[in-house]
Amino acid sequence: MSLPKTLAEDVAKNLVMVARLIDEDPEEAYEYSRIALRLASRVAAVREAAGFAAYATQKYTEALAEFRATKRMTGTVDLWPVMADCERGLGRPERAMAMAGEPEVQRLDKAGQVEMRLVAAGARRDMGQIDAAIVTLQSPELASHSVQPWTARLRYAYADALLAAGREDEAREWFAKTIESDKDGSTDASDRLAELEGVEFVDVEDESDDESDEPQADAPDRSVDGDGDSAAGGRD
């Protein structure tokens, strides 16, 4: 609303393209964010979008600068966890850990606090402190049976940390719990659990191509084995 109408529309169109492309083509999203930034660098939403586009392309110094600018302009702390994760991306996990203990964290909503916990655990792992990472993830949110938007990611991070610590049985349990809460398939917990269970996936299409090159004889037995398992399947 601070921009002339035509300019505002041009900026908005570029921001829409950032949102559409950031997951599938982050480099292209980044280019659109740069256009919006040239047009309206004093608009907080533009700075935030530019930050996320830079973050998605692993330009962490640039992303951190944009997030800091957004924080100054809005006075909010919503971006604190992703700012800490930029510090991790820049090879400064100690700085990310320091941010996890600063007063801004107390001003975050529940989702933001969980995100900060995930970043802090990642920073612990960056520093080789796997047991500390596990303890960092242990929280009422992890223990809760209620499924929230962050539940699957929190459980997945915990399972992955347990596996890294060599606690395979517990990791298997928490990957299974992740699957229960991951309704939209945002993690690869099912694949990770299958690997732990020793399940091998076969690309059915490739198998069919191989068979088509062989002389056709009697149809092979396609029944499942005695345990009721079938090798058909595939990775996403």
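Residues numbered from 1 in each chain as written. Predicted model: local features only at pLDDT ≥ 70, side-chain atom pairs only at ≥ 80, totals over all residues. Heavy atoms only, no water.

(A) Highlighting the packing of aromatic side chains. One pass over the full model with this rule turns up four aromatic pairs. Ring centres of Phe52 and Phe67 lie 5.0 Å apart, and the angle between their planes is 70 degrees; on these two criteria the pair is classed as edge-to-face. Taken as a pair, Phe52 in helix α3 (residues 44-56) and Phe67 in helix α4 (residues 60-74) lie far apart in primary sequence, 15 residues in all. Measuring from ring centre to ring centre gives 5.0 Å for Tyr158 and Trp174, while their planes differ by 90 degrees; the resulting arrangement is edge-to-face. Taken as a pair, Tyr158 in helix α10 (residues 151-164) and Trp174 in helix α11 (residues 168-181) lie far apart in primary sequence, 16 residues in all. Trp174 sits in the buried class, given a relative accessible area of 13%. It is Lys177 that lies over the ring of Trp174; its NZ or CZ is 4.1 Å from the centre. (Phe/Tyr/Trp six-rings, centres within 6.5 Å; stacked < 30°, edge-to-face > 60°. Helix = DSSP H or I, 4+ residues; strand = E, 2+ residues; numbered from the N terminus. Buried < 20%, exposed > 50% of the residue type's maximum accessible area, 1.4 Å probe, protein only. Lys NZ or Arg CZ within 6 Å of the ring centre and 35° of its normal.)

(B) The arrangement of the nonpolar core in detail. Phe67, Trp80, Met83, Ala84, Cys86, Leu108 and Met116 are the most contacted members of the largest nonpolar core, which totals 27 residues. In contact with Leu108, other than residues within four places in its own chain, are Val77, Asp78, Trp80, Pro81, Gln113 and Met116. With 21 residues, the next largest nonpolar core counts Ala133, Ile134, Ala157 and Tyr158 among its residues. (Core = buried A, V, L, I, M, F, W, Y, C linked by side-chain atoms within 4.5 Å. Contact = heavy atoms within 4.5 Å.)

(C) Quick peek at the pattern of salt bridges. According to the stated counting rule, one finds 18 salt bridges in the structure shown. Linking Arg34 and Glu62 is a salt bridge whose minimum nitrogen-to-oxygen distance equals 2.8 Å. Of this pair, Arg34 sits in helix α2 (residues 26-39) while Glu62 sits in helix α4; the two residues are 28 residues apart in sequence, bridging distant segments of the chain. Judged by its relative accessible area of 26%, Arg34 is partly exposed. A relative accessible area of 23% means that Glu62 is categorised as partly exposed. Shared partners join several salt bridges into a network, and the residues in it are Glu168, Asp169, Arg172 and Glu197. (Salt bridge = Lys/Arg side-chain N within 4 Å of Asp/Glu carboxyl O.)

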